[in-house]
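Structural overview
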Amino acid sequence: MRIHCIFIACLALFALYSVANSEYANGPDKCCFSYSNMRIPVKQIVGYQTTVPACINKGIIFLLESGHEMCADPNERWVQRLKKLVDARTLTDIEVSSGDSN
């Protein structure tokens, strides 16, 4: 009886481990394998996201109005500047939209 309990416990632990590791079974959704040096106007950027830690290279993925995505090196000054501009624009948009509800 004790062997059956140990077997069931091991089976349950294995199942839990499999589910926990399956999150990145096929790898993360988006990673940057190369960076673009093309500087784009902030008005063409809809938003951005950072790559997940599971990616080999850290990167910023800019989402463009055209629907395209562009990877950039997060250590570049122009990338940091664009991020700040997009953040400021987003904050302004939030403030304006919350002011309309008064």
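Residues numbered from 1 in each chain as written. Predicted model: local features only at pLDDT ≥ 70, side-chain atom pairs only at ≥ 80, totals over all residues. Heavy atoms only, no water.

So, the sheet that holds strand E1 (residues 45-50)
Within the open sheet, the 3 strands sit side by side as E1-E2-E3. Their pairing is antiparallel. Here the strands that pair on one side only, and so sit at the sheet edges, are E1 and strand E3 (69-72). Averaged over neighbouring strand pairs, the angle between their axes works out to 25° when direction is ignored. Note: E1 against strand E2 (residues 60-64), 5 bridges, orientation antiparallel. Considered in E2, the bridge of Tyr-48 is made with Phe-62. (Pairing = 2+ DSSP bridges. Helix = DSSP H or I, 4+ residues; strand = E, 2+ residues; numbered from the N terminus. Axes fitted to C-alpha atoms, helices over the stretch in contact; angles between N-to-C directions.)

Quick look at the state of the cysteines
The final tally for this structure, using the stated rule, is 2 disulfides. With its sulfur 2.0 Å from that of its partner, Cys-31 forms a disulfide with Cys-55. Taking the sign of the S-S torsion, -80° for the link of Cys-31 and Cys-55, the bridge is left-handed. Of this pair, Cys-31 sits in the loop between helix H1 (2-21) and E1 while Cys-55 sits in the loop between E1 and E2, and the two are 24 residues apart along the sequence. Residue class for Cys-55 comes out buried when judged on its relative accessible area of 8%. (Disulfide = S-S within 2.5 Å. Buried < 20%, exposed > 50% of the residue type's maximum accessible area, 1.4 Å probe, protein only.)

Side note on the pairing of E2
Moving residue by residue along a regular strand, the side chains alternate between the two faces of the sheet. Burial runs high along E2: 4 of the 5 residues are buried. Pairing geometry for E2 and E3, over 4 bridges, is antiparallel. Paired with Ile-60 across the bridge in E3 is Ala-72. Hairpin connection from E2 to E3: 4 residues lie between these consecutive antiparallel strands, with Gly-67 at a positive phi of about 95°.

Section: the pattern of salt bridges
Here the idea is simple: oppositely charged side chains can pair when their charged atoms come close. Applying the stated criterion across every chain yields a total of 1 salt bridge. Where Glu-69 meets Lys-30, a salt bridge forms, and the shortest distance between an N and an O atom there is 2.6 Å. In this pair, Glu-69 sits in strand E3 while Lys-30 sits in the loop between H1 and E1, placing the two residues 39 residues apart along the sequence. Given the relative accessible area of 42%, Glu-69 is considered partly exposed. (Salt bridge = Lys/Arg side-chain N within 4 Å of Asp/Glu carboxyl O.)

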